[in-house]
Amino acid sequence: MNSRRDFLQKLTASAIAIPFLSSVRAWNEPIHSADNPQGSVLRVALMGLGGYASIVAEAMQKCKRAKITGLISGTPAKLNEWGTKYNVPEKNRYNYETFDDIKNNPDIDVVYVTTPNALHHDQVIRVARAGKHAISEKPMALNAKDAQEMVDACSEAGVKLLVGYRMHFEPKTLEVIRMRSEGEFGKIMFFQGQSGFRIGDPNQWRLNKALAGGGSLMDIGIYAINGARYMIGEEPIWVTAQETKTDTVKFKEGVDETIQFQMGFPSGAVASCLSTYNMNYLDRFYLNGEKGFAELQPSTGYGPIKGRTNKGELTQPHITHQTLQMDAMAGIILDGHAPAVPVDGAEGVKDLKIIDAIYAACASGKRQELNI
Ligand code: NAD
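Residues numbered from 1 in each chain as written. Predicted model: local features only at pLDDT ≥ 70, side-chain atom pairs only at ≥ 80, totals over all residues. Heavy atoms only, no water.

- As annotated in an unreviewed UniProt entry, the protein chain carries the name Glucose-fructose oxidoreductase and comes from Parapedobacter defluvii.
- You can read under Sequence similarities (unreviewed entry) in the UniProt record for the protein chain the words "Belongs to the Gfo/Idh/MocA family." (UniProt positions renumbered as here; feature names shortened; annotations may be inferred.)

**Some words on the sheet that holds strand β3 (residues 93–94)**
Paired through their backbone hydrogen bonds, the strands of a sheet run either parallel or antiparallel.
1) Next: The sheet built from six strands is open, its strands ordered β3-β2-β1-β4-β5-β6 with parallel pairing. At either margin of the open sheet sits one strand with a lone partner, and together these are β3 and β6 (161–163).
2) Next: Where strand β5 (residues 133–136) lies against β6, three bridges are found, and the strand directions are parallel. Residue pairing for β6: I135 is matched across the bridge by L162. (Pairing = 2+ DSSP bridges. Helix = DSSP H or I, 4+ residues; strand = E, 2+ residues; numbered from the N terminus.)

**Brief notes about the sheet that holds strand β9 (residues 258–264)**
1) Next: The strand order across the open sheet built from nine strands is β14-β13-β12-β11-β7-β10-β9-β8-β15, with neighbouring strands paired in mixed fashion. Looking along the sheet, the strands with just one partner apiece sit at the ends: β14 (312–313) and β15 (368–369).
2) Next: Contacts from helix α6 (residues 171–181) reach β7 (188–196), β11 (282–289), β12 (293–296) and β13 (307–309) within the one sheet, and its direction differs from that of β12 by about 165°.
3) Next: Along the sheet face, helix α8 (residues 216–232) touches β7, β9, β10 (270–276), β11 and β12 and points at about 160° away from the line of β7. (Contact = heavy atoms within 4.5 Å. Axes fitted to C-alpha atoms, helices over the stretch in contact; angles between N-to-C directions.)

**As for the environment of Y302**
1) Next: With respect to the helices, strands and loops of the structure, Y302 is situated in the loop between β12 and β13.
2) Next: Along the chain, Y302 and H318 lie 16 residues apart, while their C-alpha atoms are 9.7 Å from each other.
3) Next: Not counting the four nearest positions on each side in its chain, Y302 is found in contact with Y52, I55, R166, H318, H321 and Q322.

**So, the site of the ligand**
1) Next: For the ligand, the set of nearby residues contains 23 residues, the closest of which are G51, Y52, N117, K138 and R166.
2) Next: A distance of 2.7 Å is found between an oxygen atom of the ligand and a side-chain nitrogen or oxygen belonging to R166.
3) Next: The contact in question runs from an oxygen atom of the ligand to an N or O atom on the side chain of Y223, over 3.1 Å.
4) Next: Burial of the ligand by the protein chains amounts to 76% of its free accessible area of 830 Å².
5) Next: Only α2 (51–60) and α8 provide two or more residues apiece to the shell around the ligand.
6) Next: Of the residues belonging to the shell around the ligand, the class tally is nine nonpolar, eight polar and six charged. (Near = heavy atom within 4 Å. Polar contact = N/O pair within 3.5 Å; in protein donor to acceptor, adjacent residues only side chain to side chain. Areas by Shrake-Rupley, 256 points an atom, 1.4 Å probe, with all protein chains shown as cover. Nonpolar A, V, L, I, M, F, W, Y, C, P; charged D, E, K, R; others polar.)

**Re the pattern of salt bridges**
1) Next: Inspection of every chain in the model, using the stated rule, returns 20 salt bridges.
2) Next: The salt bridge involving R126 is made with D100; its shortest N-O contact spans 2.7 Å. Taken as a pair, R126 in helix α4 (residues 120–129) and D100 in the loop between β3 and β4 (110–113) lie far apart in primary sequence, 26 residues in all.
3) Next: By relative accessible area, which is 27% here, D100 ends up partly exposed.
4) Next: If you follow the salt bridges from partner to partner, you end up with E175, R178, E182, E184 and K311 in one network. (Salt bridge = Lys/Arg side-chain N within 4 Å of Asp/Glu carboxyl O. Buried < 20%, exposed > 50% of the residue type's maximum accessible area, 1.4 Å probe, protein only.)

**Overview of the pairing of strand β2 (residues 66–72)**
1) Next: The buried fraction of β2 amounts to six of the seven residues, a majority that puts the element mostly inside the structure.
2) Next: Bridge analysis of strand β1 (residues 42–47) against β2 gives six bridges, and the strand direction is parallel. Bridge pairing links L42 to A66 in β2.
3) Next: Taken together, β1, α2 and β2 constitute a β-α-β crossover, and its handedness is right-handed.
4) Next: With two bridges connecting them, β2 and β3 associate as parallel partners. Paired with L71 across the two strands is R93, which belongs to β3.
5) Next: Considered for its hand, the β-α-β crossover made up of β2, helix α3 (residues 76–85) and β3 is right-handed. (Right-handed = clockwise from strand over helix to strand, strands pointing away.)

**Concerning the environment of E97**
1) Next: Here E97 lies in the loop between β3 and β4.
2) Next: The exposed category is assigned to E97, whose relative accessible area is 66%.

**Examining the pairing of β5**
1) Next: What you see with β5 is no split at all: H133 and I135 on one side and A134 and S136 on the other are buried throughout.
2) Next: One crossover worth recording links β4 to the parallel β5 by way of α4, and it is right-handed.
3) Next: Handedness of the β5-helix α5 (residues 144–157)-β6 crossover: right-handed.

**Brief notes about the side chain of D219**
1) Next: Tracing the sequence through the fold places D219 in helix α8.
2) Next: Overall, the relative accessible area of 6% leaves D219 in the buried class.
3) Next: A polar side-chain atom of D219 sits 3.0 Å from a polar atom in the side chain of Y277.

**Observations concerning the packing of aromatic side chains**
1) Next: Counted according to the given criterion, the structure contains seven aromatic pairs.
2) Next: Considering the side-chain rings of F191 and F285, the 5.1 Å spacing of their centres and the 70° angle between planes classify their relative orientation as edge-to-face. Separated by 94 residues along the polypeptide, F191 in strand β7 and F285 in strand β11 bring together distant segments of the chain. With respect to burial, F191 and F285 carry one shared label: buried.
3) Next: Taken together, the ring pairs connect F191, Y230 and F285 into an aromatic cluster. (Phe/Tyr/Trp six-rings, centres within 6.5 Å; stacked < 30°, edge-to-face > 60°.)

Following this line, the structure appears as structure tokens:
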């Protein structure tokens, strides 16, 4: 813990030079604040009881600071099954017509939205209007304009909006960020991010533009975008991008199969990334600096993450990502902690500005300037 604390202290100082990183507290440091002397627990309602919600729900069983107190689903049988399994009383179970009533429910602090991408915008805004904090899964919305509307609605309602960027709490990832921010790799020159998998069932919502907002870039390429930003520690100022499609039946108009994209950063560093729904074994980050390198592979899967730098193998422990994330988010929401790498709505808007620009670059064939 000492080296982590040193890192956190140094990070606070280096945040002046690197605006990307702000002051932090370790996810598992004991929490004592005037408002919350005993350390309280974040009471979470899960919305959209699908594949990812199941992973979050199981991971939350090990949380010290977050617990499931509400459920929102369109399927009565799931509400019953999950309600029994996670001990959520009937009065805290809602469907998509009734969930605005959470405003009268003191058992719920925050709603975690894990529905298909296109639904996040309206659902988060309804949660905010019910006076509850919101966590939206990635991508936060279908474009930067919608994402900004979510940020504005939460700000108007006086509630917090976070995005489920679980890698921002992952120990090996944070170690690479620490090393980079302390100059151990020297001047950063290059990042490579490869994010992809071969998608199955052609009828799933991920291949439906109306629900997914696009294809691989919205779903998995976003990890390379977000990763380039936290690995390099800067915001990109331009993108170029090229799309290739080998299967026009599975990947219909507006649903991208494979996109290669490049980003330029103010320091002169460049990133070269691949996002695809048509290749397996693509989950790799590589960061190159004048004095060293870091490689993470796998870099963003559920783990264990593996990695090495020019100084040797990364040995930080694997802890279930969503357990770390939800405990850390309790600290952010209840105690105002600032994580090493932000997970707020503004962070989600930045990724969507880049996604908008990548799609525009694919369509026009031209470099897009970015102002993030
Ligand atoms: P899923 O299909 O397994 O679950 C989606 C849930 O939403 C289902 O329970 C479905 O019934 C419900 N739903 C509500 N309204 C719906 C509608 N109109 N159409 C279709 N389904 C509807 O999907 P998932 O894999 O759980 O993904 C959900 C969200 O979580 C996505 O935004 C995805 O990008 C994100 N996700 C994030 C991670 C991560 O590691 N952070 C991993 C997987 C998924």
